[in-house]
Amino acid sequence: MNRLRKLTILADAAKYDASCASSGSVKRDSSGGRGVGSTTGMGICHSYAPDGRCISLLKLLLTNFCIYECSYCINRASSNVQRARFSVEEVVDLTLDFYKRNYIEGLFLSSGIIRSADYTMEQLVRVARCLRETHDFRGYIHLKTIPDASPALIEQAGLYADRLSINIELPSVHSLARFAPEKSLLTIRKSMGQVREHIDEAKESRHRRRRRRAAASTFHYSPAGQSTQMIVGADDSTDSDILSLSHNLYRTYDMRRVYYSAFSPIPDAAQTLPARPPPLLREHRLYQADWLLRFYGFGIGEIVETDRSGTGMLDLDVDPKLAWALRHRDLFPVNVNRAPLETLLRVPGIGAIGAGRIVQARQFSSLRFKDLAKCGLSTGKIAPFVETADHHPSLTVLEDQDLKQRFMRGASPQLTLFS
Ligand code: SF4
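Residues numbered from 1 in each chain as written. Predicted model: local features only at pLDDT ≥ 70, side-chain atom pairs only at ≥ 80, totals over all residues. Heavy atoms only, no water.

The chain appears in an unreviewed UniProt entry as Putative DNA modification/repair radical SAM protein from Exilibacterium tricleocarpae. Check the Cofactor (unreviewed entry) section of the UniProt entry for the chain; it says "[4Fe-4S] cluster". (UniProt positions renumbered as here; feature names shortened; annotations may be inferred.)

Here's what the structure looks like:
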């Protein structure tokens with residue numbers, strides 16, 4: 001099979017993995033402008049967004065052969081797909097070739113399990129090592145880690161990769177046993193714990209050297225951290241189950257990101273899997289809720305009210321912050337001239353940047369409603385929820401049962417409802 005055909009098959013097979021974003025990577029040393037892919041000496045500008053947005057990566061599977069039988073996966077052993085396999089050298093050549101043509105900024109490499117977890121991991125590590133050591137590649141490398149692989153291989157992977165990820169796959173032990181019988185949550189968590197330990201060690205070693213004012217340490221271990229992916233909608237886990245697990249993963253393993261990937265039905269799928277994908281909006285709402293948990297000080301019980309609605313699901317009609325505000329209308333309007341930052345962050349339509357601008361601007365004068373637009377805020381969305389020196393929304397507006405419908409229709413309540 002020629003290389004182009006392999007590329008078509010293996011790039012297509014990799015599209016199901018959502019965890020291809022990079023964030024917070026440390027630029028590898030490129031003093032003197034040396035090294036292929038150097039971000040400082042080659043006139044190439046990389047953007048490492050702390051919000052984890054995707055950069056352009058060559059996203060591939062080393063192979064889509066697999067000895068495992070995860071029923072949600074198109075590449076499972078019994079699947080009738082066309083198979084292909086790259087050699088280590090082929091992936092290295094492709095990466096360098098694409099990089100030099102300026103098509104990509106790095107590599108995202110995953111693989112089906114060939115022969116054994118260790119054998120597969122060894123192949124992935126060889127690609128990364130060859131790029132770094134033989135070709136002095138300084139671009140971004142994200143390696144998917146095989147949880148069952150030996151600790152020594154996982155340790156090596158982090159020395160060459162900018163980011164490692166180990167997919168948690170499904171939100172519960174029960175679902176994993178049902179749909180991915182060869183995988184074990186315990187092993188996945190153990191590997192995540194191991195990655196975290198190495199990342200912490202590397203950070204600690206750099207701190208120690210800095211404290212001693214010694215030359216900067218070059219010991220980096222997966223400098224862009226670790227991430228994971230969860231499939232949404234393949235089993236009956238609720239949004240509350242999913243977010244609780246994510247919350248736990250962020251805290252226990254210092255995850256940089258948990259990616260949510262809406263289940264997509266595959267040909268000849270098991271009867272136990274749903275015939276239809278979940279609404280894509282569900283994936284989007286989970287990302288929004290995830291953001292609120294990590295950066296806006298919300299608790300899971302506030303975002304998904306399991307006890308009240310009993311469904312444990314996010315409202316698909318409106319974003320989770322607006323849904324929360326509509327359930328807690330008694331806490332509004334918030335006076336933007338007096339409210340602390342953490343309260344401002346809870347106002348629908350006010351994000352971290354907007355809240356920061358308000359706090360800065362109000363040091364100089366009492367804010368008027370038009371000043372909020374100057375802070376970059378959408379006055380239509382925030383109008384019912386804020387009070388300024390010249391804007392006092394009436395309580396009947398907040399109590400209006402149609403308020404949610406107005407937001408859903410995209411109407412601007414400000415024009416019709418406020419003085
Ligand atoms: S291990 Fe499971 S999810 Fe991964 S490629 Fe094999 S069958 Fe697919």
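1. Examining helix α1 (residues 3-13)
Restricting attention to buried positions, one finds in α1 the residues Lys6, Leu7, Ile9, Leu10 and Ala13. As for α1, its buried residues are in contact with β1 (57-61) and α2 (88-100). The N-cap residue of α1 is Asn2: its side-chain oxygen and the backbone nitrogen of Leu4 are 3.2 Å apart. (Buried < 20%, exposed > 50% of the residue type's maximum accessible area, 1.4 Å probe, protein only. Helix = DSSP H or I, 4+ residues; strand = E, 2+ residues; numbered from the N terminus. Contact = heavy atoms within 4.5 Å. Polar contact = N/O pair within 3.5 Å; in protein donor to acceptor, adjacent residues only side chain to side chain.)

2. A short note on the pattern of salt bridges
One pass over the structure, following the stated rule, counts 19 salt bridges. Linking Lys183 and Glu169 is a salt bridge whose minimum nitrogen-to-oxygen distance equals 2.7 Å. On the criterion of sequence distance, the pair formed by Lys183 in the loop between α5 (173-179) and α6 (185-211) and Glu169 in the loop between β4 (163-165) and α5 is long-range, its members being 14 residues apart. With a relative accessible area of 9%, Glu169 lands in the buried category. Notably, a salt bridge pairs Arg208 with Glu204, separated by 3.8 Å at the nearest N-O pair. Within this pair, Arg208 and its partner Glu204 are both found in helix α6, separated by four residues, close to a single helical turn. The exposure class assigned to Arg208 is partly exposed, which follows from its relative accessible area of 39%. Among the ionic contacts, a cluster of salt bridges with common partners joins Asp315, Asp317 and Lys404. (Salt bridge = Lys/Arg side-chain N within 4 Å of Asp/Glu carboxyl O.)

3. Some remarks on the packing of aromatic side chains
For the structure shown, the criterion picks out eight aromatic pairs. Their ring planes at 85° and their centres at 5.2 Å tell us that Phe298 and Trp324 sit as a pair that is edge-to-face. Separated by 26 residues along the polypeptide, Phe298 in the loop between α8 (280-295) and α9 (300-303) and Trp324 in helix α11 (residues 320-327) bring together distant segments of the chain. In this pair, the class of Phe298 matches that of Trp324, namely buried. Between Phe332 and Phe385, the aromatic rings sit 5.1 Å apart at their centres with planes inclined by 70°, giving edge-to-face as the arrangement. (Phe/Tyr/Trp six-rings, centres within 6.5 Å; stacked < 30°, edge-to-face > 60°.)

4. Notes on the packing of α6 against helix α7 (residues 239-253)
The geometry of α6 relative to α7 is characterised by a closest axis approach of 10 Å and an angle of 40° between their N-to-C directions. Along the contact surface, α6 presents Arg189, Met192, Gly193 and Arg196, while α7 presents Leu245, Asn248, Leu249, Arg251, Thr252 and Tyr253. Split by residue class, the contact of α6 with α7 holds four nonpolar, three polar and three charged. (Axes fitted to C-alpha atoms, helices over the stretch in contact; angles between N-to-C directions. Nonpolar A, V, L, I, M, F, W, Y, C, P; charged D, E, K, R; others polar.)

5. Quick word on the sheet that holds strand β5 (residues 226-232)
Sheet architecture is open: six strands sit in the order β1-β2-β3-β4-β5-β6, paired in parallel fashion. At either margin of the open sheet sits one strand with a lone partner, and together these are β1 and β6 (257-262). Averaged over all neighbouring strand pairs, the angle between strand axes comes to 20°, with direction disregarded. As defined by bridge partners, strand β2 (residues 106-110) adjoins strand β3 (residues 140-144) across four bridges and the pair is classed as parallel. The residue of β3 that forms the bridge with Phe108 is His142. Across the face of the sheet, α2 comes into contact with β1 and β2 while running at roughly 160° to β1. (Pairing = 2+ DSSP bridges.)

6. Some points on helix α4 (residues 151-160)
Restricting attention to buried positions, one finds in α4 the residues Leu153, Ile154, Ala157, Gly158 and Tyr160. Down the axis of α4, the buried set is contained in an arc of 165°. They therefore lie on one face. Packed against the buried residues of α4 are α3 (117-134), β3, β4 and α6. (Arc of directions from axis to C-beta.)

7. Quick notes on the environment of Ala289
Within the fold, Ala289 resides in helix α8. By relative accessible area, which is 0% here, Ala289 ends up buried. Here the alpha-carbon distance between Ala289 and Leu314, two residues 25 residues apart in the chain, equals 8.4 Å. For Ala289, the residues in contact, after removing those within four places along its chain, are Leu243, Ile303, Leu314 and Pro320.

8. A short note on the site of the ligand
If you check the shell around the ligand, you find Cys66, Tyr68, Cys70, Cys73, Arg76, Gly112, Ile113 and Lys183 and nothing else. Among the residues making up the shell around the ligand, the classes are represented as five nonpolar, one polar and two charged. (Near = heavy atom within 4 Å.)

9. A short note on the environment of Pro348
With respect to the helices and strands, the residue Pro348 is situated in the loop between α12 (341-344) and α13 (352-361). The sequence separation of Pro348 and Leu322 amounts to 26 residues, and the corresponding C-alpha distance is 5.2 Å. If we skip the residues at most four places from it in the chain, Pro348 touches Lys321, Leu322, Ala325, Phe332, Lys381, Ile382 and Phe385.

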